[in-house]
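For reference, the chains in residue letters:
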Amino acid sequence: MTSIVRALLVAAAVSVGATSAFAAASNTPTQYQPDPALKTESVAQLRARVSQACSITQARLQSGVSEASLSRNCDCYAGRTMRSLNADELQAYRNTGVFSDTAREKALSALDACKLPRPQI
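All values reported here derive from a predicted model rather than from experimental measurement. What you see as residue numbers is a count from 1 along each chain, following the sequence as written. Only residues with pLDDT of 70 or above have their local features reported here, since the model is predicted, and side-chain atom pairs are shown and tallied only from 80 upward, although totals for entire chains, interfaces and linings are computed over all residues. Side-chain metrics in this entry use all non-hydrogen atoms of the structure; hydrogen atoms and water are not considered.

A.B. asks: Describe the nonpolar core, and please don't skip the residues or the numbers.
C.D. replies: In globular proteins that are soluble, nonpolar side chains generally tend to be buried together. As used in this record, nonpolar core signifies buried Ala, Val, Leu, Ile, Met, Phe, Trp, Tyr and Cys residues forming a set joined through side-chain atoms within 4.5 Å. Relative accessibility under 20% of the residue-type maximum defines a buried residue, over 50% an exposed one, and the middle range a partly exposed one, all with a 1.4 Å probe and only protein chains included. Counting residues in each nonpolar core, the largest one holds 21 residues, and the members touching the most others are Val50, Tyr77, Phe99 and Leu116. Secondary structure elements follow DSSP: runs of H or I of four or more residues count as helices, runs of E of two or more count as strands, with numbering from the N terminus. Among the secondary structure elements, those contributing two or more residues to this core are helix H2 (43-61), helix H3 (71-84), helix H4 (87-96) and helix H5 (101-113). With five residues, H5 is the largest single contributor of residues to this core.

What follows is the structure, encoded as structure tokens:
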């Protein structure tokens, strides 16, 4: 009887661990709610958002570097990324606030082209 209880506890622990690992590997932050304004913003406004997010993320990634000093490279990144998105990828970004898998590949290519380090996932 104790071996059955022990086996059930181990199975439950493995299940909880696997669920946590899948949540950690997800591309969308947990409990994230996209800004409703994304649905109505122009592409230029979306580009500005992407550039601002880039500056914040890159400043954290490159400790000691100010957001202001990253504006040129982040403008490059945002412009390249937004120009490369097709209509479906742009709509997916508007709906979710994050890049789809295909758009993410384009964004990573833009980071490389604009000489910005890739964030660790």
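A.B. asks: Mind laying out H5, listing which residues take part and the relevant values?
C.D. replies: One turn of an α-helix holds 3.6 residues; hence residues three or four places apart share an orientation. For H5, built from 13 residues, the straight-helix expectation of 18 Å at 1.5 Å per residue is met to within 8% by its first-to-last C-alpha distance of 19 Å. Residues Ala103, Arg104, Ala107, Leu108, Ala110 and Leu111 constitute the buried set of H5. Down the axis, H5 shows its buried residues gathered within 160° of arc, on one side only. Should any heavy atoms of two residues lie within 4.5 Å, those residues are counted as being in contact. The inward-facing, buried residues of H5 abut H2, H3 and H4. Backbone geometry just after H5 places Lys115 at a positive phi near 60°. Helix span, as expected, comes to 1.5 Å for every residue beyond the first. Summarising the geometry, the arc corresponds to the directions from the helix axis toward the C-beta atoms.

A.B. asks: Describe in detail unusual backbone geometry, supporting the description with residues and values.
C.D. replies: Positive phi values are uncommon outside glycine, yet Lys115 reaches one of about 60°. Tracing the sequence through the fold places Lys115 in the segment after H5. According to the relative accessible area criterion, Lys115 is exposed, its value standing at 68%.

A.B. asks: Report on H4, specifying residues and quantitative values.
C.D. replies: All buried positions along H4 are accounted for by Glu89, Leu90, Tyr93 and Arg94. Buried residues of H4, viewed axially, fall in a sector of 140°; they line one side. Within H4, the exposed residues directed more than 90 degrees away from the buried face are Ala87 and Asp88. Considering only its buried residues, H4 is in contact with H2, H3 and H5. Here a polar contact is recorded for every N or O atom pair within 3.5 Å, except that within protein the pair must consist of a potential hydrogen donor and a potential acceptor, and residues adjacent in sequence are included only if both atoms are side-chain atoms. Residue Asn86 occupies the N-cap position of H4, its side-chain oxygen lying 3.0 Å from the main-chain nitrogen of Asp88. With its phi angle positive at about 80°, Gly97 sits one or two positions after the end of H4.

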